[in-house]
Amino acid sequence: MGARDLSNEPEEPGLGGVLARIHHKYRPLQPRLEVEGDPQDPRTAHAIFLRGWKLEEEVLGVFSRCLPSLAGLQALHLWNVPLPEGVLPALVALLGRCPRLRTFSLEGTPIPEAALPTLMGSNSTLSHLSLRCSQLGDAAAQLLGGLLSTPSGPPARLVSLVLSFNRISDLGVSYIAKGLRLNRSLLSLSLANNDIGDSGATSLAEVLGPFPLTHQEVVQRRRLLLALGRPLTLLKDQKERTQSLRGIPDRLLPGKVGKTTPKKKEPPRKEETRQPRKAPESRPARGKEPKPSGQEKPEVSDPLESPQPLLEEVREEPGGSLVLSGNRALLNLNLSHNHISERGLAAFLSALEQQQQQEGTGRGGLRSLSLGGNRIPPTSQALGRLRELLPWDPQSLGGQDQEEEEQDLGT
């Protein structure tokens, strides 16, 4: 009996087995470099993962020689990679030399606020940016909001932005919401696992629905209209002028007063017909550089190259304020695991109902809203109504987290 008991006892693993278990347990914490290849062409690198390495100048020098030569490289993911001072701007400049690289993840690494403009500036070529676990607070959120708002410049190329597991509160979210007012390129935003309450959720919801333009935005809109040669039809003084001229005969309007108005109009028409005849005469002078009339048109073509949110259709309220239809470009918003209650949920419900009423404007509006892990009871009537408005992703309103999707975002 005793021999049988000893034979049934499990044998102690050898030294090789113990080392294998330790290696498997602590493998995620070990510094490593992984390369994801293309299934069709294993020699082509599709994505590079660098975990636990300190990105010093020597390593950056190796990357500067290798990465630009990889024509198929599309993503670079860094996790827990300490960055010495001055390395991040050089790394971002290196990413711009990679022809197809559009996804960059810098996670688990504290990022100084001064380095954010290098990641999201006008010279950045990134489309997907992930800054999880980067110890970003409200001051960093204020910088991010200013970078997202570019009403007078070229539109940002950023399509998705992940800011999960940071220290952003309601104040920081208000800055980000202000940046989303005139941003029409960002499609996905994740603010999961932060310190956001009902006030921050309300500020985001107000941007999704119609909102009035500020005085500065109205002035910028008038400048764009004047640059494009469009009439300022919504200006209050012009409307009053047109209303004051109603009922006055055409012959008494300014510029039309005269004794023999039909006879005096004929000579100007002949002169006007002669002016286009003189235009062909100036065509042979194409070789000459000075052309004042031809130099003005290319300057006006810049606003036409990219859609300007301030040039979208607006409506005028009785008080005289101009109301924009809201941000309908944002499709995915992740606010899971915050401190949002039914009051913040009601703000999103109101914004989504207004978006549904404007479905014919060409923009789809929000299609996925993650609110799991907040202070919203499952039996909330507003939550049930929100599920009816968002049938595209019904599970995103429950308790399921979308962090796994964020890890694969853009890759």
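Residues numbered from 1 in each chain as written. Predicted model: local features only at pLDDT ≥ 70, side-chain atom pairs only at ≥ 80, totals over all residues. Heavy atoms only, no water.

Student: Even after reading the chapter, I still don't get the overall build of the protein, so can you show me in this structure?
Tutor: Secondary structure assignment for the protein yields 15 helices and 12 strands. Within the protein, the proportion of its 411 residues that are buried is 38%. Of the contacts made within the protein by residues no fewer than 6 positions apart, 80% connect residues no fewer than 24 positions apart. When the accessible surface of the protein is split by element, carbon and sulfur atoms take 52% of a total near 24,500 Å². (Helix = DSSP H or I, 4+ residues; strand = E, 2+ residues; numbered from the N terminus. Buried < 20%, exposed > 50% of the residue type's maximum accessible area, 1.4 Å probe, protein only. Contact = heavy atoms within 4.5 Å. Areas by Shrake-Rupley, 256 points an atom, 1.4 Å probe, with all protein chains shown as cover.)

Student: Got a minute to help me understand the packing of helix α8 (residues 198–208) against helix α13 (residues 342–357) in this structure?
Tutor: Helix-helix packing: each pair is described by the crossing angle between the helix axes and the interaxial distance. The contact between α8 and α13 brings their axes to 8 Å, and the two run at 5 degrees. The angle between α8 and α13 falls in the class roughly parallel. Across from Asp198, Ser199, Ala201, Thr202, Leu204, Ala205 and Leu208 in α8, the residues of α13 making contact are Arg343, Gly344, Ala347, Phe348, Ala351 and Gln355. Along the lines of polarity and charge, the residues of the contact of α8 with α13 split into 7 nonpolar, 4 polar and 2 charged. (Axes fitted to C-alpha atoms, helices over the stretch in contact; angles between N-to-C directions. Parallel < 35°, antiparallel > 145°, perpendicular 65-115°, else oblique. Nonpolar A, V, L, I, M, F, W, Y, C, P; charged D, E, K, R; others polar.)

Student: I would appreciate a short explanation of the pattern of salt bridges in the present structure.
Tutor: This model, assessed by the stated rule, comprises 6 salt bridges. As a salt-bridge pair, Arg51 and Glu34 come within 3.4 Å of each other at their nearest N and O atoms. Of this pair, Arg51 sits in strand β2 (residues 45–51) while Glu34 sits in strand β1 (residues 32–37), and the two are 17 residues apart along the sequence. Here the residues in one salt-bridge network are Arg32, Glu34 and Arg51, joined through shared partners. (Salt bridge = Lys/Arg side-chain N within 4 Å of Asp/Glu carboxyl O.)

Student: I would appreciate a short explanation of the pairing of strand β3 (residues 75–79) in the present structure.
Tutor: Within a regular strand, side chains alternate between the sheet's two faces. The buried count for β3 comes to 4 of 5 residues, which makes it a mostly enclosed element. The pairing of β2 with β3 spans 5 bridges and is classified as parallel. Looking at the pairing, Arg51 lines up with Trp79 of β3. Crossover handedness for the path β2 to helix α3 (residues 57–66) to β3: right-handed. Summarising the sheet, β3 and strand β4 (residues 103–107) pair through 5 bridges and their orientation is parallel. When the sheet's bridge partners are listed, Leu78 is paired in β4 with Leu106. Read as a crossover between parallel neighbours, the route from β3 over helix α4 (residues 87–97) to β4 is right-handed. (Pairing = 2+ DSSP bridges. Right-handed = clockwise from strand over helix to strand, strands pointing away.)

Student: Quick question: what am I supposed to make of the sheet that holds strand β10 (residues 322–324) here?
Tutor: Two orientations exist for strands paired in a sheet by backbone hydrogen bonds: parallel and antiparallel. With respect to topology, 3 strands assemble into an open sheet ordered β8-β10-β9, the strand pairing being antiparallel. If you trace the sheet from one side to the other, it starts and ends with β8 (211–212) and β9 (314–316), each paired once. Bridge count for β8 against β10 is 2 bridges, and the pairing is antiparallel. Each bridged residue has a counterpart across the sheet, and for Phe211 the counterpart in β10 is Leu324.

Student: Sorry, what's going on with the pairing of β4 here?
Tutor: With 5 of 5 residues buried, β4 is to be regarded as a mostly interior element. The two faces of β4 match: Thr103, Ser105 and Glu107 on one face and Phe104 and Leu106 on the other face are all buried. In the sheet, β4 pairs with strand β5 (residues 128–130) via 3 bridges, with the strands oriented parallel. Across the sheet, Ser105 pairs through a bridge with Ser130, a residue of β5.

Student: Would you take a moment to explain the environment of Arg181 for this structure?
Tutor: Within the secondary structure, Arg181 sits in the loop between α7 (170–179) and β7 (188–190). Once the C-alpha coordinates of Arg181 and Glu206 are considered, the two residues, 25 residues apart in sequence, prove to be 9.3 Å apart. For Arg181, the side chain forms a polar contact with the main-chain oxygen of Pro212, separated by 3.1 Å. (Polar contact = N/O pair within 3.5 Å; in protein donor to acceptor, adjacent residues only side chain to side chain.)

Student: I keep staring at the sheet that holds strand β11 (residues 332–334) and nothing clicks. Help me out?
Tutor: Read from one edge to the other, the open sheet built from 9 strands follows the order β1-β2-β3-β4-β5-β6-β7-β11-β12, with strand pairing classed as mixed. Only two strands of the sheet have a single partner each, and these edge strands are β1 and β12 (368–370). Adjacent strand axes in the sheet meet at a mean angle of 5 degrees, parallel and antiparallel pairs treated alike.

Student: Help me understand a nonpolar patch on the surface in this model?
Tutor: A cluster of nonpolar side chains, namely Leu15, Val18, Leu19, Ile22 and Tyr26, defines an oily patch on the protein surface of about 480 Å² accessible area. Looking at the element boundaries, Tyr26 is found in the loop between α2 (15–25) and β1. Taking relative accessible area as the criterion, Tyr26 reaches 40% and is therefore assigned partly exposed. (Patch = residues over 30% accessible without salt bridge, like charges linked within 9 Å, V, L, I, M, F, W, Y side chains within 5 Å.)

Student: For this particular structure, what's the right way to read the nonpolar core?
Tutor: A general tendency of soluble globular proteins is for nonpolar side chains to be buried together. Of all hydrophobic cores here, the largest spans 69 residues; its most connected members are Phe104 and Leu191. Of all hydrophobic cores here, the second largest spans 12 residues; its members include Leu182, Leu213, Leu224 and Leu228. (Core = buried A, V, L, I, M, F, W, Y, C linked by side-chain atoms within 4.5 Å.)

Student: Which parts of the structure should I look at to understand the environment of Leu116?
Tutor: As for its placement among the helices and strands, Leu116 is situated in helix α5 (residues 116–120). Residues Leu116 and Leu88 lie 28 residues apart in sequence; the distance between their C-alpha atoms is 9.7 Å. Beyond its immediate sequence surroundings of up to four residues, Leu116 is in contact with Ile111, Leu131, Ala140, Leu143, Leu144 and Leu147.

Student: I keep staring at the side chain of Ser127 and nothing clicks. Help me out?
Tutor: Along the polypeptide, Ser127 turns up in the loop between α5 and β5. Using a relative accessible area of 15% as the deciding quantity, one classes Ser127 as buried. Apart from residues no more than four positions distant in its own chain, Ser127 is found in contact with Arg102, Arg157, Leu158, Val159 and Ser160.

Student: It is not clear to me how the confidence of the model for the protein should be interpreted in this structure. Could you clarify?
Tutor: Low pLDDT marks regions whose predicted coordinates should not be analysed in detail. Scored by pLDDT, the protein has a mean of 76; 70% of the residues are at 70 or more. This stretch, residues 151–155, has a pLDDT under 50; its non-local contacts, to residues over four places away or in other chains, come to 7 contacts. In this model, residues 234–266 is a region of pLDDT below 50 whose contacts with residues beyond four sequence positions or in other chains number 16 contacts. (pLDDT = per-residue confidence, 0-100.)

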